[in-house]
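Listed below, chain by chain, are the residues.
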Amino acid sequence: MKLIEQIKSLKAKYNNLDGKKHFQILGIFMVFYFVFQETLMYALTRSSFGSNFLLVLYFAILNGILLWGIVVLIPPKARRIITNILLVLGTVLICAQLVYHSFFRTYFILTSVGRGAQIVEFMDIILELIWNRLWAILLLNLPVIIFAFVISKPKVDYKKGVGKKRFLPLIVALVIGIAVHVTFFLLPKESVAREYFLYLNRPYQASEYFGTYTSMGIDLRNTVFEIGSSREKLEDDYTDPTLPSMPTKDPQTEPSKPTETTKDPDFTDPEQTETPTEPEPTVDTSPNILNIDFDALASSRNSDVLAQMDQYFGSVEPTLKNEYTGIYEGYNLIVVTAESFSHHAVDPELTPTLYKMMTEGIQLTNFYNPVWSVSTLDGEYVIVTSLYPKDGVWSLYHIASKEQAFSYPHRLPDYNSYAFHNHTFDYYSRDVSHPAMGYDYYALGRGLEVKPTWPESDLEMMELSVDKWIDQEPFNIYYLTVSGHAAYTRLGNAMVTKNWHRVEDLPLSEEARSYIACNLELEDAMTYLLDRLRDAGIADRTLIVLSADHYPYGLSDETFDEFAGEEIDHQFELFRSAGIIYVDGMDPLVIDKPVANIDLMPTVYNLMGVEYDSRLLMGRDILSDSPGLVLFNDLSWISEFGRYTSSTGAFEVHAPYDPDSIPANYVSSINDIVHNRFYFSRLILDEDYYAQIGPPLTEAAGP
């Protein structure tokens, strides 16, 4: 009873405070609100507190002052209601980002909120995620509760109590806000924080520097005002730098030469006796380009942006044709985007078909699946366009209204092109994007009546679809699978339930076994596909390309570590994956350089002898002599010689290369290339650039 009386006494004293005191308390609370929530979000979504957290606190304080300055100007009768609404809405958004991050390990973009009706299909997963994070959600709501029941005081007239000083917080916030924008604008172009603040719609990456609220504000600002160009738009020089050459391996690691011995001058080694040999055929090493005169295009433009694009693409170093060019000319093509597929799912005994395809095809030992802002859709976009997605939009949906000269159906106009997906046909508006690429599109609810479980069966999709195209050579087929989708639990995942008996005795955690069980459905689907191709006698003339949309972010960190046998590196190794390029009966080939799924399309076109322009795609032909380079959404990258972490600016050299002999311009040159590829990839979409090139691009197609 004494405690209740004390609380009532304190509340009475608080209610009797004058307007000036309440004005000050309200300001302190607003700063507390943002600092508390941002600190908690940073702890929940980051592995550790780095020096960037000080910047997060700075913006949290600034946001608190800004909201303070706004609410004190609201008329007393409406202030309490409006302030509560603002705090509740902000907390709902930040809690939604936390739940989203719990599953996708990134933040959603505001564009997706407006298209979020289909999220009800995953309501059971969402409810589970909310339950798992309920304690954190309650903590995030603590400031709202404090304000509603303690701080909020109705009808305080700050005009009488504070006078014109009530305008001071808003003025201070606006002046500091303008100064912050100017400061970031003047920062060196190499500053990653500058990119995130001024140009890029990447809320999760930006939140490392500015916090969750400010990163969402940047997303909103760039979405409304379409600021998201890039630093290069501020420069006159659009020339893409040539990749600088790196030093050779450390001499200490070079194999020693065999010791020479003295021989009888009259002795002839039979193995060295020259015999007449036929001359080796000359390999065409001309560039993989189309007959496009970028200089002429640039000089005729009425648009400065298009002229700058012409200048840039004319400067890009093309990849060269090579000994593998055209070796699969005229072959059928099957491209598979496999939901959350990874090398962790491949085993010689459990998944013999996938293992055979991965190890007996073109074996990519250093293959990555970077994750982008819009989950699966952006992963698809990278695979089917060889472009990087634009920040803040559904790129695959937006490109549907643009010229897609390099889509597989458009480059293979004489092929019968079909696309299949075993989930809802209009999810992510694929009923718009996939026909626009040139495919005859089938999915659940659109001519492919797979059983509507969650997730649906990849094997059933194959069984229902193969007869539609197998007798229509040449064919160009695209599959988007779903059986590998999270959550990886025995309850609520139909594929885990279906295949559990095949994994239940494995010496792994339940989540790890569940993930493998989901991928056994992909294994069965690929086994069925290959069996049908072999029965039809065409497996040895069908090129199959398979990669994931993204890494399996539905797995916990503990399960990743379990698969890897060690603590996994979240900066780079988390995104290591498996890429498959396979023809039945082919000679295996091992490629060690770092590559990613964006490199698959130009590799396919080179293998099939399809005319394309390597300067206009962001991926590189894996089989060319072009250096390997993998770009990540946070502007970090991996090359053949090392890896660069954008948040720290550190470049770690791979052994056995000598760190002391790295060219001074190596990192800066690749950083320029990275920025250029992201920027001009976006402009291709924004400016409908392929349509602006004309006949040299749109009329050249086919092997």
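Starting afresh in each chain, residues are numbered from 1 along the sequence in its written order. Whole-chain, interface and lining totals are the exception, using all residues; otherwise, since this is a predicted model, local features are given only for residues with pLDDT of at least 70 and side-chain atom pairs are given and counted only at 80 or more. Hydrogen atoms and water are omitted, and side-chain values are computed over all heavy atoms in the structure.

As for helix H13 (residues 212-225)
Part 1: With 14 residues, H13 should cover 20 Å at 1.5 Å per step; its first-to-last C-alpha distance of 20 Å lies within 8% of that length.
Part 2: Exposure is judged per residue with a 1.4 Å probe applied to protein chains only, and the accessible area is read against the type maximum: over 50% gives exposed, under 20% gives buried, and values in between give partly exposed. Segments assigned H or I by DSSP are reported as helices when at least four residues long, segments assigned E as strands when at least two residues long, and all are numbered from the N terminus. Within the span of H13, buried status applies to Thr212, Tyr213, Thr214, Ser215, Met216, Ile218, Asp219, Arg221 and Asn222. Multiplying 1.5 Å by the residue count of a helix minus one yields the expected span of that helix.

What to know about a nonpolar patch on the surface
Part 1: Patches here: salt-bridge-free residues with over 30% relative accessible area, like charges joined within 9 Å, nonpolar side chains (Val, Leu, Ile, Met, Phe, Trp, Tyr) joined within 5 Å. Throughout, the Shrake-Rupley method with a 1.4 Å probe supplies accessible areas, and for residues the shown protein chains are the sole cover considered. What makes a salt bridge here is a side-chain nitrogen of Lys or Arg within 4 Å of a carboxyl oxygen of Asp or Glu, nothing more. On the surface, Ile81, Ile82, Ile85, Leu86 and Leu89 cluster together to form a nonpolar patch covering roughly 430 Å² of accessible area.
Part 2: Among the structural elements, Ile82 can be located in helix H4 (residues 76-104).
Part 3: The exposure class assigned to Ile82 is partly exposed, which follows from its relative accessible area of 32%.

Side note on the packing of aromatic side chains
Part 1: By convention, a stacked pair of Phe, Tyr or Trp rings (six-membered ring in the case of Trp) has centres within 6.5 Å and planes under 30 degrees apart, an edge-to-face pair has planes over 60 apart, and any other such pair is tilted. Counted under the stated rule, the structure contains 60 aromatic pairs.
Part 2: An angle of 70° between the planes, with centres 5.0 Å apart, marks the rings of Tyr312 and Phe313 as edge-to-face. As far as burial versus exposure is concerned, Tyr312 and Phe313 are alike and both buried.
Part 3: The rings of Tyr100, Phe103, Phe104, Phe108, Tyr368, Tyr551, Tyr553, Phe560, Phe572, Phe575 and Phe632 are connected pair by pair, giving a single aromatic cluster.
Part 4: Any Lys NZ or Arg CZ that is within 6 Å of a ring centre and within 35 degrees of that ring's normal is treated as a charge sitting over the ring. Here the basic side chain of Arg221 rests over the ring of Phe197, its NZ or CZ set 5.7 Å away from the ring centre.
Part 5: Between the NZ or CZ atom of Lys468 and the centre of the ring of Tyr442, over which it lies, the distance is 4.6 Å.

Re the sheet that holds strand E3 (residues 367-368)
Strand pairing in a sheet relies on backbone hydrogen bonds, with the paired strands running either antiparallel or parallel.
Part 1: Here, a strand pair is defined by DSSP locating no fewer than two bridges between the strands. Spatially, three strands are ordered E8-E3-E11 in an open sheet, and the strand pairing comes out mixed. What marks the edges here is a single partner per strand, and that holds for strand E8 (576-577) and strand E11 (595-596).
Part 2: Pairing of E3 with E8 involves two bridges; the strand directions are antiparallel. Its bridge partner being in E8, Tyr368 is matched across the sheet by Arg576.

Some details on the side chain of Asn597
Part 1: Its place among the elements puts Asn597 in the loop between E11 and helix H25 (600-607).
Part 2: In this analysis, two residues are considered to be in contact whenever any of their non-hydrogen atoms come within 4.5 Å of each other. For Asn597, the residues in contact, after removing those within four places along its chain, are Phe367, Tyr368, Asn369, Pro370, Gly379, Val382, Ile383, Ser547, Ala548 and Asp549.

Brief notes about helix H8 (residues 142-151)
Part 1: Those residues of H8 that fall on the buried side of the exposure criterion are Pro143, Val144, Phe147 and Ile151. Seen along its axis, H8 keeps its buried residues to an arc of 105°; they face one direction. By definition, the arc is the one covered by directions from the helix axis to the C-beta atoms.

Observations concerning unusual backbone geometry
Glycine aside, a negative phi is what most residues show, and trans is what most peptide bonds show.
Part 1: With an omega of -10°, the peptide bond between Glu473 and Pro474 qualifies as cis.
Part 2: Inspection of the secondary structure assignment puts Pro474 in the loop between helix H21 (458-465) and strand E6 (475-480).
Part 3: Omega for the bond connecting Ala655 with Pro656 falls within 30 degrees of zero, at 10°, which places this linkage in the cis form.
Part 4: Among the secondary structure elements, Pro656 is positioned in the loop between strand E15 (650-653) and helix H26 (666-686).

Overview of the pattern of salt bridges
Part 1: Within the structure shown, the criterion is met by 21 salt bridges.
Part 2: A salt bridge links Lys356 to Glu360, with the shortest nitrogen-to-oxygen separation between them at 2.7 Å. A residue pair is termed a helical-turn pair when its members lie 3 or 4 positions apart in one helix, as Lys356 and Glu360 do in helix H16 (residues 352-360) at four residues.
Part 3: Judged by relative accessible area, which is 28%, Lys356 ranks as partly exposed.

Some points on the pairing of strand E7 (residues 542-548)
Part 1: Where burial is concerned, most of E7 is hidden: seven out of the seven residues are buried.
Part 2: Residues Thr542, Ile544, Leu546 and Ala548 line one face of E7 and the alternating positions Leu543, Val545 and Ser547 line the opposite face, and both faces are buried.
Part 3: Across seven bridges, strand E1 (residues 332-338) lies against E7 in parallel orientation. Paired with Leu333 across the strands is Leu543, a residue of E7.
Part 4: Pairing analysis gives three bridges linking E7 to strand E9 (residues 580-582), with the strands arranged antiparallel. Within E9, the position partnered with Leu546 by the bridge is Ile580.

Regarding the environment of Ser514
Part 1: Mapped onto the secondary structure, Ser514 falls in helix H23 (residues 510-535).
Part 2: Note on Ser514: relative accessible area 0%, which makes it buried.
Part 3: Measuring from C-alpha to C-alpha, the distance between Ser514 and Gly484 comes to 9.7 Å, with 30 residues separating the pair along the chain.
Part 4: Discounting residues that sit within four places of it in the chain, Ser514 has contacts with Tyr488, Thr489, Arg490, Val496 and Trp500.
Part 5: Think of a polar contact as two N or O atoms within 3.5 Å of one another; within protein, one of them needs to be a possible hydrogen donor and the other a possible acceptor, and neighboring residues in sequence only count if both atoms come from side chains. Here Glu510 takes part through its backbone oxygen, which lies 2.8 Å from a polar atom of the side chain of Ser514.

Concerning the packing of H4 against H8
Part 1: Axis definition: a line fitted to C-alpha atoms, over the contacting stretch in the case of helices. Angles run 0 to 180 degrees between N-to-C directions. At a minimum axis distance of 10 Å, the contact between H4 and H8 shows a crossing angle of 170°. Considering the angle they form, H4 stands roughly antiparallel to H8. Contacts from Arg80, Thr83, Asn84, Leu87, Val88 and Thr91 in H4 reach Val144, Phe147 and Ala148 in H8.
Part 2: Polar here means any residue other than Ala, Val, Leu, Ile, Met, Phe, Trp, Tyr, Cys and Pro, which are nonpolar, and Asp, Glu, Lys and Arg, which are charged; Gly is therefore polar. When the residues that make up the contact of H4 with H8 are grouped by side-chain class, the tally is five nonpolar, three polar and one charged. Note on terminology: angles under 35 degrees are roughly parallel, angles over 145 are roughly antiparallel, angles of 65 to 115 are roughly perpendicular, and the others are oblique.

A look at the sheet that holds strand E4 (residues 416-424)
Part 1: Across the sheet, six strands lie side by side as E5-E4-E6-E1-E7-E9; this open sheet has mixed pairing. Each of the sheet's edge strands pairs with one partner strand only, and the pair in question is strand E5 (440-444) and E9. Across this sheet, the average inter-strand angle for adjacent strands is 10°, counted without regard to direction.
Part 2: Contacting E7 and E9, H16 runs over the sheet at an angle of about 80° to E9.

Re the confidence of the model for the chain
Part 1: Overall, the predicted model of the chain reaches an average pLDDT of 88, with 88% of residues at or above 70.
Part 2: Confidence scores here are pLDDT values: one per residue, from the predictor, ranging 0 to 100. In the model, residues 248-273 has pLDDT below 50 throughout and makes eight contacts with residues more than four positions away in sequence or in other chains.

What about the environment of Ile684?
Part 1: Here Ile684 shows up in helix H26.
Part 2: Residues Ile684 and Leu616, 68 residues apart in the sequence, show an inter-C-alpha distance of 8.9 Å.
Part 3: Sequence-distant contacts of Ile684, that is, excluding residues within four places in its chain, are made with Met309, Phe313, Leu387, Leu616, Met618, Tyr689 and Tyr690.

Details of the environment of Ile670
Part 1: As for its placement among the helices and strands, Ile670 is situated in helix H26.
Part 2: Spatially, the C-alpha atoms of Ile670 and Tyr644 are 9.6 Å apart, while their sequence positions differ by 26 residues.

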